[in-house]
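# Descriptive structure summary
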Amino acid sequence: MKDFITEAKKILIGNRKDGYTLPTNNKLYPAQWNWDSGFIALGYSYFNLKFALEEIKTLLRGQWKDGMIPHILFHDLNTNYYPNHSVWACGNKIHSSGITQPPVLAIILKIILDKNKIKDKEISKIKNIIKKIKKYHEWFIKYRDPNNSGLVSILHPWESGYDNSPLWDEPMNKIKVEKNLKYKRGDNKVVNPKYRPLDIDYDRYVTIKNHLRKNKYNPKKLYNKSLFNVVDVGFNSIFLKANKDLIKLLKKFNLKYKDLQKYISHSENKIIKLYDKKKNNFINFDLKNKKKIRIPSITNYFVLFADLKDKKINNKIIKSLKKHNTKGKFFFSSVKPNHYKFEEKRYWRGPIWINCNWIIYQGLKNKDKNFAKKIKKKTIDLVKEKGFHEYYSYKTGEGFGANNFSWTASLFLDLMLER
Ligand code: GLC
């Protein structure tokens, strides 16, 4: 029998560089990515705690003075990736992008610390990590929710981590592409362009990025000025869960937590309102254009991960999740298959992603054990049958995008080895 656990570990080690790990070993993503590193650290924690903590520490070394942790850190400057360090032209200590990604670090660190005993001499280092994560969360509250609405905004589709989701289509359509825009994509030379974002989308991504740069990535200005400003259910669910876990970490290590507690209650009340009970769907807000977005994206169900106290709502949401696409052999498709925006093979517009399954599985463990078990089994079977890919067709299970994908390997390890 094939030893999948050894294979998963090998993938991580194979993608590992000096203190951090690439998302994959091909040329598609030649840098350190924020939420990838979180998931990757969890994988390492099953066989090398030192690598796990190093992954997080390296990411934190790139934290900006204001508290933001960038979505990409460019440790190696000599790559074909676009947009590279020179066009972002920013960073603190390490060249970076000027935007962030879903803040999973507190969540991951809590899981790691719950299952590992930390030596006394390591405690001050861990406290340091926690303080830096707290600063990151405070940055979100201060700059991404300056009106204290209880919900944070993302200012670029890439900040969501589900870069090419149809969730962003309407706000993106409003963006006028910069005149004389000149750049060369790298991604569609490595992966079949049919599975990657369209050129027009890329033009808009780059336009937003350039605009952020022109404004010197100034977080005070950009909440109001950015060309893109969306309140996303999935992103806010991750942030709420991360805040809840951060509080537990702060308490455990006798650090201050009171301010954060207030924000959590506030978010909890607001996030529930993004669920439309009557229509049984979720509302994402395009704040820039003052429009509601209703797309049946699997990321809306991240709300289960946020552990809302309202059981009735949770049960309704679970019922609706069961109708997303659980009848087929493989799930969850990133967009509901009967929706007109669904595409089987283009990334984030239909395929299955292991991190989405993992997040939803975590959210269901304490709410619907049987369903959680089913998700776990399906996810493990998919990887065993098809390999460690970036994403998969929900129809056939076929793998697409990058191979030897780090977070697929990591989260597979977690699903296989968790107690
Ligand atoms: C893609 C994904 C993003 C991920 C990155 C590296 O850009 O959309 O979520 O972090 O690749 O794997």
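So, here is what we can say about the structure in this document.

### Focus: the overall build of the protein
Tallying secondary structure elements over the protein gives 17 helices and 11 strands in all. Relative to the 2.2 N^0.38 estimate, which gives 22 Å for 419 residues, the radius of gyration of the protein is 20 Å and therefore close to what a compact globule would have. C-alpha atoms of the protein, sized along the principal axes, occupy 55 × 50 × 45 Å. Residues classed as buried in the protein amount to 61% of the 419 residues present. In the protein, the proportion of contacts linking residues at least 24 apart, taken out of those at least 6 apart, comes to 71%.

### Quick notes on the sheet that holds strand β5 (residues 230–231)
Strand order in this open sheet of 3 strands is β5-β8-β9, and the pairing throughout is antiparallel. The outermost strands of the open sheet, each flanked by one partner alone, are β5 and β9 (291–293). Bridge count for β5 against strand β8 (residues 284–286) is 2 bridges, and the pairing is antiparallel. The residue bridging V231 from the neighbouring strand is F285, located in β8.

### Section: helix α3 (residues 49–61)
Between its first and last C-alpha atoms α3 spans 18 Å; for 13 residues at 1.5 Å apiece the expected length is 18 Å, and the two agree. Taken residue by residue, α3 has F51, A52, L53, E55, I56, T58, L59 and L60 as its buried positions.

### Considerations on the packing of aromatic side chains
Scanning the entire structure with this criterion turns up 44 aromatic pairs. Between the aromatic rings of W64 and Y217, the centroid separation amounts to 5.9 Å while the plane-to-plane angle is 75 degrees, which identifies the pairing as edge-to-face. Placement of the pair is W64 in the loop between α3 and β2 (72–73) and Y217 in the loop between α10 (199–214) and α11 (219–225), with a sequence separation of 153 residues. For the pair F331 and F332, a centre-to-centre distance of 4.7 Å together with 50 degrees between the ring planes defines the contact as tilted.

### A closer look at helix α1 (residues 4–15)
If you check α1, its first and last C-alpha atoms are 17 Å apart, about what 12 residues at 1.5 Å a residue would give, namely 16 Å. What α1 keeps buried is the set F4, A8, I11, L12 and N15. Here the buried residues of α1 occupy an arc of 95 degrees about the axis, which is enough to place them on one side. In α1, the exposed positions angled more than 90 degrees off the buried face are occupied by K10 and G14. Packing partners of the buried residues in α1 comprise α2 (34–44), α16 (369–386) and α17 (406–417).

### So, the site of the ligand
Around the ligand, a shell composed of P23, Y29, W33, W35, D36, Q101, G161, D163, Y347, W348, F405 and W407 is seen. Residue W35 places a side-chain N or O atom 3.0 Å away from an oxygen atom belonging to the ligand. A distance of 2.8 Å separates an oxygen atom of the ligand from a polar side-chain atom of D163. For the ligand, whose free accessible area comes to 310 Å², the fraction covered by protein is 98%. Each residue belonging to the shell around the ligand can be placed in one class, and the counts come to 8 nonpolar, 2 polar and 2 charged.

### Structural notes on the environment of F400
For F400, the location among the structural elements is in strand β11 (residues 399–400). Taking relative accessible area as the criterion, F400 reaches 4% and is therefore assigned buried. Measuring from C-alpha to C-alpha, the distance between F400 and I264 comes to 37 Å, with 136 residues separating the pair along the chain. Residues contacting F400, with those up to four places away along its chain left out, are Y195, K345, H389, E390, Y391, Y392 and S393.

### Topic: a nonpolar patch on the surface
Together, V177, L198 and I200 make up an exposed nonpolar region whose accessible area comes to about 210 Å². Secondary-structure assignment places V177 in the loop between α8 (169–173) and α9 (187–190).

### A word on the environment of I133
Among the structural elements, I133 can be located in helix α6 (residues 123–143). You can call I133 buried: its relative accessible area is 0%. Through-space distance from the C-alpha of I133 to that of G328 is 39 Å; in sequence the pair is 195 residues apart. Not counting the four nearest positions on each side in its chain, I133 is found in contact with L60, L105, A106, L109 and L246.

### Brief notes about the environment of T6
Structurally, the position occupied by T6 is in helix α1. Under the relative-accessibility criterion, T6 is labelled partly exposed at 35%. A sequence separation of 230 residues divides T6 from N236, and the C-alpha atoms of the two residues are 35 Å apart.

### Looking at a positive patch on the surface
Judged by side-chain charge, K277, K312, K316, K319 and K323 come together as a positively charged surface patch. Here K323 shows up in helix α14 (residues 311–325).

### Details of the side chain of E55
Here E55 shows up in helix α3. Summary of buried charges: E55 has no salt-bridge partner, and the nearest side chain of opposite charge, R16, is 5.1 Å away. In terms of polar contacts, E55 uses its side chain to reach the side chain of T21, at 2.7 Å.

What counts as what
- Residues numbered from 1 in each chain as written.
- Predicted model: local features only at pLDDT ≥ 70, side-chain atom pairs only at ≥ 80, totals over all residues.
- Heavy atoms only, no water.
- Helix = DSSP H or I, 4+ residues; strand = E, 2+ residues; numbered from the N terminus.
- Rg over C-alpha atoms; globule rule 2.2 N^0.38 Å.
- Buried < 20%, exposed > 50% of the residue type's maximum accessible area, 1.4 Å probe, protein only.
- Contact = heavy atoms within 4.5 Å.
- Pairing = 2+ DSSP bridges.
- Expected span 1.5 Å × (residues − 1).
- Phe/Tyr/Trp six-rings, centres within 6.5 Å; stacked < 30°, edge-to-face > 60°.
- Arc of directions from axis to C-beta.
- Near = heavy atom within 4 Å.
- Polar contact = N/O pair within 3.5 Å; in protein donor to acceptor, adjacent residues only side chain to side chain.
- Areas by Shrake-Rupley, 256 points an atom, 1.4 Å probe, with all protein chains shown as cover.
- Nonpolar A, V, L, I, M, F, W, Y, C, P; charged D, E, K, R; others polar.
- Patch = residues over 30% accessible without salt bridge, like charges linked within 9 Å, V, L, I, M, F, W, Y side chains within 5 Å.
- Salt bridge = Lys/Arg side-chain N within 4 Å of Asp/Glu carboxyl O.
- Lys, Arg positive; Asp, Glu negative; His and termini not counted.
- Charge placed at Lys NZ, Arg CZ, Asp CG, Glu CD.

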